[in-house]
Amino acid sequence: MGTIEPFAGTKWGAYAFKDIRGVVRARSICRMPEWVLRLKPGAPPPFPRLALAFTTGQRRQVR
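Throughout what follows, the structure given in this document is the object of discussion. (Residues numbered from 1 in each chain as written. Predicted model: local features only at pLDDT ≥ 70, side-chain atom pairs only at ≥ 80, totals over all residues. Heavy atoms only, no water.)

1. Points about the environment of phenylalanine 7
Mapped onto the elements of the fold, phenylalanine 7 is located in the loop between strand S1 (2–6) and strand S2 (14–19). What makes phenylalanine 7 partly exposed here is its relative accessible area of 21%. Residues phenylalanine 7 and serine 28, 21 residues apart in the sequence, show an inter-C-alpha distance of 9.7 Å. Ignoring sequence-local partners within four residues, the contact set of phenylalanine 7 consists of Ala14, Tyr15, Ala16, Arg27 and Ile29. (Helix = DSSP H or I, 4+ residues; strand = E, 2+ residues; numbered from the N terminus. Buried < 20%, exposed > 50% of the residue type's maximum accessible area, 1.4 Å probe, protein only. Contact = heavy atoms within 4.5 Å.)

2. Description of the packing of aromatic side chains
Taken as a whole and assessed by the stated rule, the structure comprises 3 aromatic pairs. Ring geometry for tyrosine 15 against tryptophan 35: centres 6.3 Å apart, planes inclined by 20°, an arrangement best described as stacked. One end of the pair, tyrosine 15, is in strand S2; the other, tryptophan 35, is in strand S4 (residues 34–39), with 20 residues separating them in the sequence. You can call tryptophan 35 buried: its relative accessible area is 13%. Measuring from centroid to centroid gives 5.5 Å for phenylalanine 17 and phenylalanine 54, while their planes differ by 80°, and the two rings are edge-to-face. Note that phenylalanine 17 is positioned in strand S2 and phenylalanine 54 in helix H1 (residues 46–62), a separation of 37 residues in sequence. You can call phenylalanine 17 buried: its relative accessible area is 4%. (Phe/Tyr/Trp six-rings, centres within 6.5 Å; stacked < 30°, edge-to-face > 60°.)

3. A closer look at the pattern of salt bridges
Evaluation of the coordinates by the stated rule reveals 2 salt bridges. For glutamate 5, the salt bridge goes to lysine 18, with nearest N and O atoms at 3.1 Å. Of this pair, glutamate 5 sits in strand S1 while lysine 18 sits in strand S2, placing them 13 residues apart in sequence. Judged by relative accessible area, glutamate 5 falls into the partly exposed class, the value being 31%. (Salt bridge = Lys/Arg side-chain N within 4 Å of Asp/Glu carboxyl O.)

4. Here we look at the environment of glutamate 5
With 13 residues separating them in the primary sequence, glutamate 5 and lysine 18 have C-alpha atoms 7.8 Å apart. Setting aside chain neighbours within four positions, we find glutamate 5 in contact with Ala14, Tyr15, Ala16 and Lys18. Within the local environment of glutamate 5, its side chain forms a polar contact with the side chain of threonine 3, the two groups lying 3.2 Å apart. (Polar contact = N/O pair within 3.5 Å; in protein donor to acceptor, adjacent residues only side chain to side chain.)

Structure, rendered in structure tokens:
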């Protein structure tokens, strides 16, 4: 499917969701106490759901 990688230069709370080719399809960023999820236009159908599930899981760990 792809990879989930932390943004370069961040300690925690910022992730890029990349497909197999390395194209960023979504990003999530922690803006305490909330998470912001940004989806790129044209992202294949699994990416919005996977990014939302990962971000929701991260939100539960921060508390």
